[in-house]
Amino acid sequence: MAKIAFTKLSLSKNTSIKEVEWKDQKIEVKQYLPVGEKLDLISRVINYSSDDHAFYNPCKIEIFELIEIILTYTNINVTDKQSEDILKLYDLFISSGFANKIKENIPEEELGYIDNSIWATINEIYRYRDSAMGIME
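Model, not experiment: these values are computed from the prediction.

*Asks:* Account for the overall build of the chain, naming residues and giving values.
*Replies:* When helices and strands are counted, the chain shows seven helices and two strands. Listed N to C, the secondary structure of the chain is β-β-α-α-α-α-α-α-α in terms of helices and strands. Here the analysis covers contacts within the chain between residues at least 6 apart in sequence; of these, 61% occur between residues at least 24 apart. Just so you have it, the chain exposes about 9,600 Å², and 54% of that area is on carbon and sulfur atoms.

*Asks:* Explain unusual backbone geometry to me, and be specific about the residues and the numbers.
*Replies:* Phi is mostly negative for residues that are not glycine, and the peptide bonds are mostly trans. Unlike most non-glycine residues, Lys 23 shows phi in positive territory, near 50 degrees. Using a relative accessible area of 67% as the deciding quantity, one classes Lys 23 as exposed. A positive phi is found at Asp 24, a non-glycine position, where the angle reads about 65 degrees.

*Asks:* Any chance you could break down the packing of helix α1 (residues 35-48) against helix α2 (residues 58-73) for me, citing the residues and the numbers?
*Replies:* Here α1 crosses α2 at 150 degrees, and the two axes come no closer than 9 Å. Our classification of the angle between α1 and α2 gives roughly antiparallel. Seen from above, α1 lies across α2 with right-handed handedness. Residue-level inspection shows Glu 37, Lys 38, Leu 41, Arg 44, Val 45 and Tyr 48 of α1 in contact with α2, the latter providing Lys 60, Ile 61, Phe 64, Glu 65, Glu 68, Ile 69, Thr 72 and Tyr 73. Of the residues that constitute the contact of α1 with α2, the class distribution is seven nonpolar, one polar and six charged.

*Asks:* Break down the pairing of strand β2 (residues 25-30) for me, with residues and values.
*Replies:* Taken together, the six bridges between strand β1 (residues 17-22) and β2 define a ladder with antiparallel strand orientation. Across the sheet, the residue bridging to Glu 21 is Lys 26, located in β2. Linking β1 to β2, which pair antiparallel, is a turn of two residues; within it Lys 23 sits at a positive phi near 50 degrees.

*Asks:* Account for α2, with residues named and values stated.
*Replies:* For α2, built from 16 residues, the straight-helix expectation of 22 Å at 1.5 Å per residue is met to within 8% by its first-to-last C-alpha distance of 22 Å. N-cap assignment for α2: the residue whose side-chain oxygen lies 2.8 Å from the backbone N of Cys 59 is Asn 57.

*Asks:* Quick one: what's the story with the pattern of salt bridges, residue by residue and with numbers?
*Replies:* Within this structure, the stated rule accounts for seven salt bridges. A salt bridge links Glu 19 to Lys 26; the shortest N-O distance between them is 4.0 Å. Using a relative accessible area of 52% as the deciding quantity, one classes Glu 19 as exposed. We classify Lys 26 as exposed; its relative accessible area is 54%. A salt bridge links Glu 37 to Lys 30; the nearest nitrogen and oxygen atoms lie 3.5 Å apart. Each of Glu 19, Glu 21 and Lys 26 takes part in salt bridges that share partners, so that together they form one network.

Calculation rules
- Residues numbered from 1 in each chain as written.
- Predicted model: local features only at pLDDT ≥ 70, side-chain atom pairs only at ≥ 80, totals over all residues.
- Heavy atoms only, no water.
- Helix = DSSP H or I, 4+ residues; strand = E, 2+ residues; numbered from the N terminus.
- Contact = heavy atoms within 4.5 Å.
- Areas by Shrake-Rupley, 256 points an atom, 1.4 Å probe, with all protein chains shown as cover.
- Buried < 20%, exposed > 50% of the residue type's maximum accessible area, 1.4 Å probe, protein only.
- Axes fitted to C-alpha atoms, helices over the stretch in contact; angles between N-to-C directions.
- Parallel < 35°, antiparallel > 145°, perpendicular 65-115°, else oblique.
- Left-handed = near helix turned anticlockwise from the far one by under 90°.
- Nonpolar A, V, L, I, M, F, W, Y, C, P; charged D, E, K, R; others polar.
- Pairing = 2+ DSSP bridges.
- Expected span 1.5 Å × (residues − 1).
- Polar contact = N/O pair within 3.5 Å; in protein donor to acceptor, adjacent residues only side chain to side chain.
- Salt bridge = Lys/Arg side-chain N within 4 Å of Asp/Glu carboxyl O.

Here you go:
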């Protein structure tokens, strides 16, 4: 089988953006998030979701995952003051229907990758902690 040079594939990263209308505002929604940004998003969700004694609270995971997805995939900017009350921010995104509107416009494979990766990482953390090495630590 003949080898083909990678450069001959003419690959390019998906940088497309979908525009969503919300109350006379045009919200830009990325259709693909580079893997480095996905990894950062996943890490933030996991770090923010840990309760005392390194228990990963499923409710916090859902809250932080949604907030991080909205803030990372869109051009929405929140102030430091607004991000201090993350539960209020979550309530506003959910109860207004805004979260669903944004998630409807992000490809399912993107959302699935993030959600699956968060839970797979948490499962691996628990598995490691239950292992002989984890117990010795």
